Amino acid sequence: MADIFLKEDVRKHFRGKKVIFLGDSIMRNIYQDFLYLLEKGDLTPHNLLRKKGVQIESFEGDHLLEGTGELTPGRNYREIREYEGSGGAMRDFMFATYCFLTKCYSRELDDFILRFKRKHGSPDLIIILSALWDINRWGPDGIPNYIKNCRKFLNLIRSTFPSTTQLIWLTSPPISVDVWGGLVVKGMEFQKRSMRFNVMEGNLMVAQTTAAFGYDVVDLHYWMTHQIHKRMPDGIHWTQDAVRLQLNIILTHFCLARKLALPGRWGGARNRPLESAEKIAKAADGGPVEIVREEDEGKRKKSMDDEGSEEPLAKKRKLGEEWSEERRVGEGEGYSRNEGEEKSCNDGMSAKERRQQRWSDE
């Protein structure tokens, strides 16, 4: 699941890097905790995690962009924050920015991404978490548009930034049966009962679509299901130690994806969730596989239910290195971009291998 990262670990891996955080208030808490770990090394206080926009114009050296952060309860709320360091030894340490989203693709987000590229170039890492507002605050077309917007966003990133930019889509953590706060509209309280099921279906959709585009997925919903006792009373947000756990899960995935050494601070005799994460990373490095049926030499596997029925043996087979550059997904919306597809004509390396080499060299 996660190793334990301290201030020195984050500073070592992110010095001089550019990171974009995109998402709702859950992502804002992760962004805040990232900065607090980078600057202070402690858990972010609860009273700071609850603040947003103009309530906290500067947080650990970042600043709120002018014209954003005005407290409005509707879908037009905007908040953009930028961090370059708090000063002294941390001046110009790295560049991180957070943009609040009420849906995972919009013309405003398109402009934000293009403006970032013009001003700062390509980011090293993009982390996005967007589900609750997409599904619940955009009327009856919210869910169908969420499906379309997911593909639009991924196409935007793929067409704007090189393959060395790593994107991680976080699934939305589990919410309570009864939620309250700015997400719930007066007169639409009945939605609360089905909201958590829609979140689960939305998580499945974005995970499959993101993987089909060749980007990374971290399943916070799965891991945080075991931590619901650390959920805040509003049924959506999380305690300070739970937010740090989410950040450690993300950083663990980040290090495994780039073959960076983990801190190794797990104190138990055996960290089975971390072993599971390492196996998943190893399987991803091995490339895509398909399940094939073997019918040669008359081999058969008898069904346990019906002794008279027979079916061919099944085994895994690694797919060939030559992949179509643009393989259709579903009904033509989006394309897959597996590791095998990204073999460069110049160096023969995949995008993941180039990212790993780039960060190890630095």
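Please read all numbers here as calculations on a predicted model, not as lab measurements. (Residues numbered from 1 in each chain as written. Predicted model: local features only at pLDDT ≥ 70, side-chain atom pairs only at ≥ 80, totals over all residues. Heavy atoms only, no water.)

What's the story with the overall build of the protein in this structure? I'm lost.
Looking only at helices and strands, the protein has 11 helices and 13 strands in total. Burial analysis of the protein (362 residues in total) assigns 49% to the buried set. Residue pairs at least 24 apart in sequence account for 68% of intrachain contacts in the protein once pairs closer than 6 positions are excluded. Of the accessible surface of the protein, which amounts to about 18,400 Å², a share of 49% is contributed by carbon and sulfur atoms. (Helix = DSSP H or I, 4+ residues; strand = E, 2+ residues; numbered from the N terminus. Buried < 20%, exposed > 50% of the residue type's maximum accessible area, 1.4 Å probe, protein only. Contact = heavy atoms within 4.5 Å. Areas by Shrake-Rupley, 256 points an atom, 1.4 Å probe, with all protein chains shown as cover.)

Even after reading the chapter, I still don't get the confidence of the model for the protein, so can you show me in this structure?
Low-confidence regions, as indicated by low pLDDT, have predicted coordinates that should not be scrutinised in detail. Mean pLDDT for the protein: 81, with 72% of residues reaching 70 or above. Contacts from residues 321-345, a stretch scored under 50 in pLDDT, to residues over four places away or in other chains number 56 contacts. (pLDDT = per-residue confidence, 0-100.)

What is the right way to read the side chain of aspartate 234 from this model?
Relative to the assigned elements, aspartate 234 resides in the loop between helix H8 (220-224) and helix H9 (240-257). For the buried aspartate 234, no salt bridge is present, and the opposite-charge side chain at shortest range is arginine 231, 7.0 Å distant. Polar side-chain contacts of aspartate 234 include one of 2.9 Å to the backbone nitrogen of isoleucine 236. Only 2.5 Å separates the side chain of aspartate 234 from the side chain of histidine 237, close enough to count as a polar contact. (Lys, Arg positive; Asp, Glu negative; His and termini not counted. Salt bridge = Lys/Arg side-chain N within 4 Å of Asp/Glu carboxyl O. Polar contact = N/O pair within 3.5 Å; in protein donor to acceptor, adjacent residues only side chain to side chain.)

What should I look at first to understand the sheet that holds strand E6 (residues 166-170) in this one?
Think of a sheet as strands paired side by side through backbone hydrogen bonds, with each pair either parallel or antiparallel. In spatial order, the strands read E2-E3-E4-E1-E5-E6-E7; together these 7 strands make up an open sheet with mixed pairing. Where the open sheet ends on each side, the last strands, each with one partner, are strand E2 (62-64) and strand E7 (216-218). Here the average twist between neighbouring strands, direction ignored, is 20 degrees. (Pairing = 2+ DSSP bridges. Axes fitted to C-alpha atoms, helices over the stretch in contact; angles between N-to-C directions.)

I keep staring at helix H6 (residues 142-160) and nothing clicks. Help me out?
With 19 residues, H6 should reach 27 Å at 1.5 Å per residue; the first-to-last C-alpha distance of 26 Å fits that figure. Of the positions making up H6, those classed as buried are Gly142, Tyr146, Asn149, Cys150, Arg151, Phe153, Leu154, Leu156, Ile157 and Thr160. (Expected span 1.5 Å × (residues − 1).)

Please clarify how the nonpolar core should be interpreted in this entry.
Side chains that are nonpolar tend, in soluble globular proteins, to be buried together. Ranked by size, the top nonpolar core spans 54 residues in total, and within it Phe14, Phe21, Met27, Phe34, Tyr83, Met94 and Leu170 carry the most contacts. Other than its neighbours up to four places away in sequence, phenylalanine 14 contacts Val19, Phe34, Phe93, Met94, Leu125, Leu251 and Phe254. Core analysis: the next-biggest nonpolar cluster, separate from the first, contains 29 residues, Leu109, Phe112, Ile113 and Leu156 among them. (Core = buried A, V, L, I, M, F, W, Y, C linked by side-chain atoms within 4.5 Å.)

Looking at this structure, I do not really get H9. What am I missing?
Side chains three or four residues apart in an α-helix point the same way, a direct result of the helix having 3.6 residues per turn. The terminal C-alpha atoms of H9 lie 26 Å apart, and with 18 residues this matches the ideal 26 Å at 1.5 Å per residue to within 8%. Taken across its 18 residues, H9 has 15 buried, putting it largely inside the fold. Lysine 259 lies just past H9 and shows a positive phi near 55 degrees.

How should I be thinking about the packing of helix H1 (residues 7-14) against helix H2 (residues 25-39) in this particular structure?
Pairs of packed helices are described in terms of their axes, by the angle between the two and the distance that separates them. Here H1 crosses H2 at 105 degrees, and the two axes come no closer than 7 Å. In this view, H1 runs roughly perpendicular relative to H2, as classed from their interaxial angle. The segment H1 lies against H2, with Lys7, Val10, Arg11 and Phe14 engaging Phe34, Leu37, Leu38 and Glu39. Classifying every residue of the contact of H1 with H2 gives 5 nonpolar, no polar and 3 charged. (Parallel < 35°, antiparallel > 145°, perpendicular 65-115°, else oblique. Nonpolar A, V, L, I, M, F, W, Y, C, P; charged D, E, K, R; others polar.)

Is there a simple way to think about the pairing of E6 in this case?
Sheet faces and side chains relate simply in a regular strand, where the side chains alternate between the two faces. Burial analysis of E6 places 5 of its 5 residues in the buried class, the great majority of the element. Of the two faces of E6, the one carrying Gln166, Ile168 and Leu170 and the one carrying Leu167 and Trp169 are both buried. Sheet topology note: the strand E5 (residues 125-129)/E6 ladder contains 4 bridges and is parallel. For isoleucine 128, the partnering residue across the bridge sits in E6 and is tryptophan 169.

What's the story with the pairing of E5 in this structure? I'm lost.
For E5, the buried fraction is high: 5 of the 5 residues fall into the buried class. Burial of the side chains of E5 extends over both faces: Leu125, Ile127 and Leu129 are buried on one face and Ile126 and Ile128 on the other. One ladder, built from 5 bridges, connects strand E1 (residues 18-23) with E5; its direction is parallel. Each residue of the ladder has a partner; that of phenylalanine 21, found in E5, is isoleucine 127.

I keep staring at the side chain of asparagine 203 and nothing clicks. Help me out?
Of note, asparagine 203 is situated in helix H7 (residues 192-212). Excluding anything up to four places from it in sequence, asparagine 203 contacts Thr171, Ser172 and His221.

What exactly am I supposed to notice about the environment of phenylalanine 34 here?
Tracing the backbone through its elements, the reader meets phenylalanine 34 in helix H2. It is 8.5 Å that separates the C-alpha atoms of phenylalanine 34 and valine 10, two residues lying 24 residues apart in sequence. Look past the residues within four positions of phenylalanine 34 in its chain and what remains in contact with it is Val10, Phe14, Phe21, Met94 and Leu247.

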